[in-house]
Amino acid sequence: MESANQGLLADAMTDVPVDNAARGAAPQGLTLAEEEELRAELAKVEEEIGTLRQVLAAKERHCGELKRKLGLTPLDGLKQNLSKSWHDVQVSNAYVKTSEKLGEWNDKVTQSDLYLSASSTLEDWNEKLTQSEAYKKTQETLSQAGQKTSAALSNVGSVISRKLGDMRNSATFKSFEDRVGTIKSRVVGSRENSTDGLHSPSGAGDKPPQDNAPF
C-alpha cells in the first residue's frame, strides 16, 4: 500500500511543471541561459558515456570470444599484462633516470681512489698468496695425492684381474668345471634316452633303462 502511494506521488510530481524559479537560483556568475546550456551539455556527455560503456562491454565480450577460440587462458592474459607492465616501467622516465643515476654512481665508485686502492691491495695479496711457499707446497701435495690415488686404483684393478685369472686356472675351479660338464652331459643323455624310449616300436611294456651310475 505504501509503495503504491509512493508511486502515485512520484507520478504526480513528474506531472508538475518545473520552472526556473523552482530549480533555485543559478550558480553565482551564471545566467539562467548559461545554466541551461551547461545542463544540456552535461546530459549529452552522460549519454555519450553510457554509449561508450555499452560499446566497451560489447568489445570486451568479443575479445573474450576471440581468446577462447585461440585457446588463450586467463593465465596467458596475466603474463601478457605483467610483461607489458614491466615494459612500461622500463621505458618510464623514473626508471630511466634511476638507471642513469645508478650508472653514474657505479662509475664514481669504480673510479674512486678508495676502490682503486682496495683493488690493488687485493691483487697484491692474491699474487703474494700464489707465490708463497705454503701455497706451492699445498699444490704439490694435492698433485702427489691425486697421482698416488690413481696409481692405487690401477693397482687394485690389476690385482683383482690377476686373482680372477689365478682362480680360473686353479685345480679347484677346473674340477668344478669338469663336474658341471659331467652333470650337463648326463642330463642331456637322460633326455635323449627318454625320447628314444617314447618313439621305440617295442611298445609300452618295455622297461625304461636304469641309470645306475652315481650322480
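It should be emphasised that the depicted structure is a prediction, and the values quoted were computed from it without experimental measurement.

This part takes up the overall build of the protein. Within the protein one finds eight helices and zero strands. From first element to last, N terminus to C terminus, the protein shows the α and β order α-α-α-α-α-α-α-α. Per element, the accessible surface of the protein, about 19,400 Å² overall, is 59% carbon and sulfur.

So, about the packing of helix α6 (residues 113–131) against helix α7 (residues 133–169). Their axes nearest at 5 Å, the elements α6 and α7 cross at an angle of 55°. One way to sum up the angle between α6 and α7 is to call them oblique. Seen from α6, the contacting residues are L129, T130 and Q131; seen from α7, they are E133, Y135 and K136.

This brings us to the confidence of the model for the protein. With 76% of its residues at a pLDDT of 70 or more, the protein shows a mean pLDDT of 78. For residues 12–22, every residue scores under 50 in pLDDT, and the model assigns this stretch three contacts once sequence neighbours within four places are set aside.

Per the UniProt record, the feature "coiled-coil region" (unreviewed entry) sits at residues 35–62. The straight-line gap between the two end C-alpha atoms of residues 35–62 is 41 Å; of that span, 100% is helix and 0% is strand.

Before going further, it helps to examine the packing of helix α4 (residues 74–91) against helix α5 (residues 93–110). α5 packs onto α4 with a crossing angle of 55° between their chain directions and a minimal axis gap of 4 Å. The orientation of α4 with respect to α5, classified from their angle, is oblique. Contacts between α4 and α5 involve W86, V89, Q90 and V91 from the first element and N93, Y95 and V96 from the second. For the contact of α4 with α5, the residue count by class is five nonpolar, two polar and no charged.

The subject of this paragraph is a nonpolar patch on the surface. Taken together, the side chains of W86, V89, Y95 and V96 make up a nonpolar region of the molecular surface, amounting to roughly 340 Å² of accessible area. Secondary-structure elements contributing two or more residues to the nonpolar patch are α4 and α5. The topology assignment puts V89 in helix α4. Here V89 falls in the partly exposed class, since its relative accessible area comes to 38%.

Once that is clear, we can look at the pattern of salt bridges. Tallied over the entire structure, the rule returns two salt bridges. Among the ionic pairs, R39 bridges to E35, the shortest N-O distance being 3.0 Å. Taken together, the positions of R39 and E35, both in helix α3 (residues 32–70) and four residues apart, correspond to about one turn of that helix. Residue classification places R39 among the partly exposed residues on the basis of a relative accessible area of 47%. By relative accessible area, which is 9% here, E35 ends up buried.

So, how was this worked out
Residues numbered from 1 in each chain as written. Predicted model: local features only at pLDDT ≥ 70, side-chain atom pairs only at ≥ 80, totals over all residues. Heavy atoms only, no water. Helix = DSSP H or I, 4+ residues; strand = E, 2+ residues; numbered from the N terminus. Areas by Shrake-Rupley, 256 points an atom, 1.4 Å probe, with all protein chains shown as cover. Axes fitted to C-alpha atoms, helices over the stretch in contact; angles between N-to-C directions. Parallel < 35°, antiparallel > 145°, perpendicular 65-115°, else oblique. Contact = heavy atoms within 4.5 Å. pLDDT = per-residue confidence, 0-100. UniProt positions renumbered as here; feature names shortened; annotations may be inferred. Nonpolar A, V, L, I, M, F, W, Y, C, P; charged D, E, K, R; others polar. Patch = residues over 30% accessible without salt bridge, like charges linked within 9 Å, V, L, I, M, F, W, Y side chains within 5 Å. Salt bridge = Lys/Arg side-chain N within 4 Å of Asp/Glu carboxyl O. Buried < 20%, exposed > 50% of the residue type's maximum accessible area, 1.4 Å probe, protein only.

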